[in-house]
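# Descriptive structure summary
Single-letter residue listing:
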Amino acid sequence: MSSGIINDFECKKYGLGTTEESGYGTMSSSEDEKQDFTCESPDLLDEKQDFTCESPEFFDEKQDFTCTSPELLEAADNVRVELLPQQSRELYWSTYNAFIEWKDANRVKTISESVMLTYFGVLANKYKPSTLWTKYSMLRSTIKIKHNIKVKKFTRLLAFLKQKSNGYEAKKSKALTLDNVKKFLSDAPDKTYMVTKSRGHQRSPSDTRDFKERTKRDALIQLQHEVDRLLATAPPSEQDRLSREFKGFTRLFDRFLQEEGPSLEWNRIQKLPEAAVRDYTTLPTPAEEVIKSMLEKLVVVKLNGGLGTSMGCHGPKSVIAVRNDLTFLDLTVQQIEDLNKTYNANVPLILMNSFNTDEDTQKIIRKYKGLNVDIYTFNQSCYPRINRDSLLPIGKNCNIDQDIESWYPPGHGDFYESFQNSGLLNKFIQQGRKYCFISNIDNLGATVDLNILNLLLNSKDVISPEFVMEVTNKTRADVKGGTLIQYEDKLRLLEIAQVPKEHVDDFKSVKTFKFFNTNNLWVSLTAIERVLEEKTLNMEIIVNNKSLSNGLNVIQLETAVGAAMKSFDGGLGINVPRSRFLPVKKTSDLMLVMSNLYSLRKGALLMSPQRMFPTTPLIKLGDNHFSKVKEYLRRFASIPDLLELDHLTVSGDVTFGKGVSLKGTVIIIANHGDRIDIPSGTILENKIVSGNLRILDH
């Protein structure tokens, strides 16, 4: 066989020795001189080994392919092939077959990292970096299906491809404007261009697909031009940071253009395995002497990007007073300080702010400097809002304060990349931290749980999961909340926005989907680093339509932090008590946490032992008179006694005196133009109070 496939320069370049040393120069077509390339070439392979069925380094588990019947192997292949994208399946297999032909021609019997490096070294002489990445992606999928080898673990191959991409800029095609097209149709001579012109009016199905693809490509190019223009207006000191964020935005926009239809097929949702969700009550309590060392491996992250505008407050939502004049932020810091004092630990608190909340938060946290809590902050990305019609950014420059309506924080799914970009991810890994506990800052039930942390760090009978989602039993009030499902043999979060319209009722069923997501998450720090390095982080895009104050319709592309679950290995749900889900989204939630249902101890809210039921009452307060915190507080001389309340609905102009007690189901409705004043000391049990203050049995 000729040795011209790989020359001496290429072999030295990839650390494989010369062609003669690597075995390529000594290959022969003669059977007598035939070599076992997998065992006789230590320069090409990491070490001399027999890669048949005994190589756990490259296979997920030992397999004996000779002991399985050909019929079963073929059937398994057929099932796995269905996982490939249908429209480009032929291209996937064409790429795979080309690799196998090269391997066979060179008498290579195995698929190892060195073999892949050599193959891509050959391809690099013919293809540009973007094509190399495409072929890598296709081979990674097909080799996993056919050979159960995880090519994504070949770190030297990834490093080689990244090196090839350094300094490379893809050629950009010119995007034709409507005027360009009109000019071509009117000025180009029909004799030469009639066929081209007529194709625009006689589209076959393939022409339509091609048209859509070109439209998407042009939209991406136009957006990139606008993003570059925006970046040029930024101060030099901000350009590096904004450049990273705009690259993330452009990738998100590209995915938005490419994705069509639902992100999953409803009939492919699998039954949730019994081991997928563990009952919290089965978790062992850690021994006192190991708690300090456990806490040294933890960081606490609070999502602090939201404003309090929906509740009529200015500034960050985390500064709303919720109990005894203490804010969400005060209570969070109290919790962490008490944890550190009790166990002589040093658990840091990390706040993910947005451009909306950062300045105010920085001023507020100064008051915590004397406390036993190290507080770190970083900002999530700042993305430009897009005009719904033109699909172009509406901002004119990067002066965000000057035109704040043109920008938005892209949801808490941005946590992973922003955490890494801030340098904090690497910092905590270097410190030996293992897990981060992520939760919304307005969830007063989301405290550090030692039993869950113990499961992650000290479990002896299972491999520690990389991603844990706390779920709780769904009630009728939670039917729109995200739930856990099994899909393609992995746990993942299913949100109502992903559900086909004809299955929305199924999604809301408490029997079909028993749990919902609390957004309390425990994630391995090294796993976050790996997923980001491998570029395998994949979260569904949430398209948020909004109308601005000037009437302009825009879209925001967002992601949710829990949607990343499917990108990690070893996902697990833990069915926690309802007490770990105590969010404050509306004044009705605020009424609960301010009432005698709870007592406050060291920053944590505890359900009163006098409450006979473990569930909280369902409270609905009318938007017109109760939605803003200031207006809500004005209507209560004191918060009523709710210990025996099941359900409360209040609508209209209603006020409450001191010492009011509400029990069972209470409905109070003031008709338009009327006002109802509940006198001090009133006890309402299973009553309906109408506009003329008639009290009727319920």
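From a predicted model like this one, the values you see are computed outputs, not experimental measurements.

### Observations concerning the overall build of the protein chain
Within the protein chain, the regular secondary structure consists of 22 helices and 27 strands. Split into buried and exposed, the 698 residues of the protein chain put 46% on the buried side. Summarising the internal contacts of the protein chain: among those between residues at least 6 apart in sequence, 68% fall at separations of at least 24. When the accessible area of the protein chain is evaluated, it comes to approximately 36,100 Å², of which 50% is carbon and sulfur surface.

### Let's talk about the environment of Ser165
Mapped onto the elements of the fold, Ser165 is located in helix H7 (residues 155-165). With sequence-adjacent residues up to four places away left out, Ser165 is seen in contact with Pro129 and Trp133.

### Structural notes on the confidence of the model for the protein chain
Here the protein chain shows a mean pLDDT of 82. Residues at 70 or above account for 80%. This stretch, residues 1-69, has a pLDDT under 50; its non-local contacts, to residues over four places away or in other chains, come to 108 contacts. When the criterion is pLDDT under 50, residues 197-203 qualifies, and its contacts beyond four places in sequence or with other chains add up to eight contacts.

### Focus on the side chain of Thr483
Note on placement: Thr483 falls in strand S13 (residues 483-487). Residue classification places Thr483 among the buried residues on the basis of a relative accessible area of 1%. There is a polar contact of 2.6 Å between the side chain of Thr483 and the backbone oxygen of Phe515. Excluding its chain neighbours within four sequence positions, the residues that come into contact with Thr483 are Arg492, Leu493, Leu494, Phe507, Phe513, Phe515 and Phe516.

### What about the nonpolar core?
In terms of nonpolar packing, the biggest core is built from 73 residues, with Leu295 and Leu298 touching the most fellow members. At seven residues, the largest contribution of residues to this core is made by helix H13 (residues 328-343). For Leu298, the residues in contact, after removing those within four places along its chain, are Val347, Pro348, Arg433, Tyr435, Cys436, Phe437, Val448, Leu453 and Trp522. Ranked by size, the runner-up nonpolar core spans 37 residues in total, among them Phe378, Phe419, Met469 and Leu532.

### Some remarks on the pattern of salt bridges
Inspection of every chain in the model, using the stated rule, returns 27 salt bridges. For the salt bridge of Glu238 with Arg241, the shortest nitrogen-to-oxygen distance reads 2.3 Å. Of the two residues, Glu238 and Arg241 are both situated in helix H11 (residues 236-258); the distance of three residues between them amounts to about one turn of the helix. Among the salt bridges present, the one from Glu359 reaches Lys363, with a minimum N-O distance of 3.8 Å. With Glu359 and Lys363 both in helix H14 (residues 358-364), this residue pair falls four residues apart, about one helical turn. On the basis of relative accessible area, Lys363 is assigned to the partly exposed category, the value being 45%. What you see here is one network of salt bridges that share partners, running through Glu466, Lys490, Arg530 and Asp569.

### Thoughts on the sheet that holds strand S18 (residues 571-575)
Sheets are built from strands paired through backbone hydrogen bonds, the pairs being either parallel or antiparallel. The strand order across the open sheet built from eight strands is S2-S18-S12-S15-S11-S3-S6-S7, with neighbouring strands paired in mixed fashion. Pairing within the sheet leaves two strands with one partner each, and these edge strands are strand S2 (277-279) and strand S7 (375-379). In this sheet, neighbouring strand axes are inclined to one another by 25° on average, regardless of whether the strands run parallel or antiparallel. Against the sheet, helix H19 (residues 525-533) touches strand S11 (435-440) and strand S15 (515-524), its axis set at about 90° to S15.

### Things to note about the sheet that holds strand S16 (residues 542-547)
Read across the open sheet, the three strands follow the order S9-S17-S16; overall the sheet is antiparallel. A strand with exactly one partner marks an edge of an open sheet, and here the two such strands are strand S9 (386-387) and S16.

### A few points about unusual backbone geometry
Despite not being glycine, Arg107 shows a phi value in the positive range, around 55°. Structurally, Arg107 can be placed in the loop between helix H4 (89-105) and helix H5 (113-123). A positive phi is found at Asn148, a non-glycine position, where the angle reads about 60°. Assignment of secondary structure puts Asn148 in the loop between helix H6 (129-147) and H7.

### Details of the side chain of Thr250
Secondary-structure assignment places Thr250 in helix H11. Take Thr250: its relative accessible area is 12%, and that puts it in the buried class. When near neighbours in sequence (up to four residues on either side) are disregarded, Thr250 contacts Leu220, Leu223, Gln224 and Val227.

### So, the packing of aromatic side chains
Under the defined criterion, the tally for this structure stands at 26 aromatic pairs. Ring centres of Phe415 and Phe419 lie 5.0 Å apart, and the angle between their planes is 20°; this geometry places the pair in the stacked category. One end of the pair is Phe415 and the other is Phe419, both in helix H15 (residues 415-421) and four residues apart, which spans about a single turn. For Phe419, a relative accessible area of 0% corresponds to the buried category. Between Phe636 and Phe656, the ring centres sit 4.8 Å apart and the planes meet at 10°, which makes this aromatic pair stacked.

### Brief notes about H7
When we look at burial in H7, the residues that qualify are Leu157, Leu158, Phe160 and Leu161. Down the axis of H7, the smallest arc covering the buried residues is 160°, so these residues share one side. Turned more than 90 degrees from where H7 packs its buried face, Thr155 and Gln163 sit exposed. On its buried face, H7 sits against H5 and H6.

### Details of the environment of Pro235
As for its placement among the helices and strands, Pro235 is situated in the loop between helix H10 (205-232) and H11. Given the relative accessible area of 43%, Pro235 is considered partly exposed. The sequence separation of Pro235 and Asn399 amounts to 164 residues, and the corresponding C-alpha distance is 9.1 Å.

### Some points on the pairing of strand S19 (residues 598-601)
Sheet analysis places S19 next to strand S20 (residues 604-607), joined by four bridges and oriented antiparallel. Pairing of Leu600 across the sheet is with Leu605, part of S20. In textbook terms, the turn of a hairpin is the stretch between consecutive antiparallel strands, and for S19 and S20 this stretch comprises two residues, one of which, Lys602, has a positive phi near 55°.

### Regarding H4
In this model, H4 (17 residues) spans 24 Å end to end at C-alpha, consistent with the 24 Å of a helix rising 1.5 Å per residue. Regarding H4, the residues found buried are Arg89, Tyr92, Trp93, Thr95, Tyr96, Phe99, Ile100, Trp102 and Lys103. With its phi angle positive at about 55°, Arg107 sits one or two positions after the end of H4.

### Some details on the packing of H5 against H7
Where H5 meets H7, the axes come as close as 9 Å, and the angle between the chain directions of the two elements is 20°. Here H7 runs roughly parallel to H5, going by the angle between their axes. Handedness of the crossing formed by H5 with H7: right-handed. Listed contacts from H7 to Glu113, Ser114, Met116, Leu117, Phe120 and Gly121 of H5 are Thr155, Arg156, Leu157, Phe160 and Leu161.

About the thresholds
Residues numbered from 1 in each chain as written. Predicted model: local features only at pLDDT ≥ 70, side-chain atom pairs only at ≥ 80, totals over all residues. Heavy atoms only, no water. Helix = DSSP H or I, 4+ residues; strand = E, 2+ residues; numbered from the N terminus. Buried < 20%, exposed > 50% of the residue type's maximum accessible area, 1.4 Å probe, protein only. Contact = heavy atoms within 4.5 Å. Areas by Shrake-Rupley, 256 points an atom, 1.4 Å probe, with all protein chains shown as cover. pLDDT = per-residue confidence, 0-100. Polar contact = N/O pair within 3.5 Å; in protein donor to acceptor, adjacent residues only side chain to side chain. Core = buried A, V, L, I, M, F, W, Y, C linked by side-chain atoms within 4.5 Å. Salt bridge = Lys/Arg side-chain N within 4 Å of Asp/Glu carboxyl O. Pairing = 2+ DSSP bridges. Axes fitted to C-alpha atoms, helices over the stretch in contact; angles between N-to-C directions. Phe/Tyr/Trp six-rings, centres within 6.5 Å; stacked < 30°, edge-to-face > 60°. Arc of directions from axis to C-beta. Expected span 1.5 Å × (residues − 1). Parallel < 35°, antiparallel > 145°, perpendicular 65-115°, else oblique. Left-handed = near helix turned anticlockwise from the far one by under 90°.

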